[in-house]
Amino acid sequence: WGVTAGVLAGVMNGILLLVIKTVIRVVLPPGEGADTGGAYKPFADLPIFTDFEIPRFDFGVNEWIFILLVCLTIPLLLLIRGIFEFLHKYVMLWINLKVQYRLRDQVFTGLMKQSLAFYNVVKQGELIQTVANQTKTSAEAGSNLLSALIQNPISMLSIFVMLMIFDPLYTV
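Per chain, residue numbering runs from 1 following the sequence as it is written. Only residues with pLDDT of at least 70 are given local features in this predicted model, and only at 80 or more are side-chain atom pairs given and counted; all residues enter the totals for whole chains, interfaces and linings. Note that water and hydrogens are dropped before the side-chain values are worked out from all heavy atoms of the structure.

A. Geometry of the overall build of the protein chain. Only DSSP runs of H or I reaching four residues or more are called helices, and only runs of E reaching two or more are called strands; each is numbered from the N terminus. Helix and strand counts for the protein chain stand at 6 helices and 2 strands. Helices and strands in the protein chain line up, N terminus first, as α-β-β-α-α-α-α-α. Intrachain contacts of the protein chain at a sequence separation of at least 6 include 66% that bridge at least 24 residues. With an accessible surface of roughly 11900 Å², the protein chain has 68% of that area assigned to carbon and sulfur atoms. By definition in these notes, contact holds between two residues if any of their heavy atoms fall within 4.5 Å. Note on areas: Shrake-Rupley with a 1.4 Å probe; residue coverage comes only from the protein chains shown.

Here's what the structure looks like:
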């Protein structure tokens, strides 16, 4: 679940570019006297999504309600991305705690198998630090690395794909 939530959070960054472009096209139409034909076509100049339309709802005199609803898609998408990031971090923290527990158990088991001569030489503080702090640091490093390896490349790839769809010449 953590990997899936991390991938979806990364993909949301690319979708956010698409939504921002849509909001800009609806709020700031392309031409002063352009006929929209009863619907907004925010992706008319893109190679994909050319048939996508946002129907123009008749709110009477006040069209600001429609524009406000379209603009609210940005915070809605940010909320969805935040939920996916939270789920990703929550599950990764749960995995981190499980790994940390197992590491501590293995280190403690290894310490219990040592001879009495070992305990005469080694300081007690070093043993406690090994069991508590070093296992925590190792588990956190592994969890952070796994989290970064999941979410960041997907996020960069989705942004790159959206930029290639918008304008390949300027993206490359």
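B. Here's a closer look at the confidence of the model for the protein chain. Per residue, pLDDT captures the predictor's confidence, and it can take any value from 0 to 100. Per-chain confidence: the protein chain averages 80 in pLDDT, with 84% of residues scoring 70 or above. Per-element confidence in the protein chain is highest for helix H3 (residues 73-112), whose mean pLDDT is 87, and lowest for strand E1 (residues 39-40), whose mean pLDDT is 68.

C. Geometry of helix H5 (residues 124-166). With 43 residues, H5 should cover 63 Å at 1.5 Å per step; its first-to-last C-alpha distance of 62 Å lies within 8% of that length. Considering bend angle alone, the principal kink of H5 is centred on Thr130 and spans about 40°. When a residue's accessible area, from a 1.4 Å probe over protein chains only, is under 20% of the maximum for its type it is buried; when over 50% it is exposed; and in between it is partly exposed. Along H5, the residues classified as buried are Leu127, Val131, Thr135, Ala139, Ser143, Ser147, Ile150, Gln151, Ser155, Ser158, Met162 and Ile165. Of the surrounding elements, those touching the buried residues of H5 are helix H1 (2-27), H3 and helix H4 (116-121). The span you would expect from a helix comes to 1.5 Å times its residue count less one. Bend is the name given here to the angle between axes fitted to two runs of seven residues, the run ending at a residue and the run starting at it.

D. The arrangement of the side chain of Asn96 in detail. Relative to the helices and strands, Asn96 is located in helix H3. Setting aside chain neighbours within four positions, we find Asn96 in contact with Ala139, Glu140 and Ser143.

E. Local environment of the packing of aromatic side chains. Ring geometry is summarised as follows: Phe, Tyr and Trp rings, the Trp one being its six-membered ring, pair when their centres sit within 6.5 Å, and such pairs are stacked at plane angles under 30 degrees, edge-to-face over 60 and tilted between the two. One pass over the full model with this rule turns up 2 aromatic pairs. Pairing Phe86 with Tyr90 gives two aromatic rings, centres 6.0 Å apart and planes at 25°, and the pair type is stacked. Placement of the pair is Phe86 and Tyr90 together in helix H3, with a separation of 4 residues, close to one helical turn. Assessed through its relative accessible area of 52%, Phe86 is described here as exposed. Here Tyr90 falls in the exposed class, since its relative accessible area comes to 51%. When the centroid spacing of 5.4 Å and the interplanar angle of 75° are considered together, the rings of Phe118 and Tyr119 count as edge-to-face. Under the relative-accessibility criterion, Phe118 is labelled partly exposed at 26%. For Tyr119, a relative accessible area of 29% translates into the label partly exposed.

F. The environment of Ile67, seen in detail. Within the element layout of this structure, Ile67 appears in helix H2 (residues 64-71). On the basis of relative accessibility, which here comes to 14%, the residue Ile67 falls in the buried class. For the pair formed by Ile67 and Val26, sequence separation is 41 residues and the distance between their alpha carbons is 7.2 Å.

G. Region of interest: the packing of H1 against H3. Throughout, an axis means a line fitted to C-alpha atoms (over the contacting stretch in the case of helices), and angles, computed between N-to-C directions, take values from 0 to 180 degrees. Here H1 crosses H3 at 165°, and the two axes come no closer than 8 Å. Our classification of the angle between H1 and H3 gives roughly antiparallel. By crossing handedness, the relation of H1 to H3 is classed as left-handed. Contacts between H1 and H3 pair Gly2, Ala5, Gly6, Leu8, Ala9, Met12, Asn13, Ile15, Leu16, Val19, Ile20 and Val23 from the former with Thr73, Ile74, Leu77, Leu78, Ile80, Arg81, Phe84, Glu85, Leu87, His88 and Val91 from the latter. Working definition: roughly parallel below 35 degrees, roughly antiparallel above 145 degrees, roughly perpendicular at 65 to 115 degrees, and oblique for all remaining angles. Handedness of a crossing is defined here by the sense of rotation of the near helix relative to the far one, left-handed for an anticlockwise turn of less than a right angle and right-handed for a clockwise turn.

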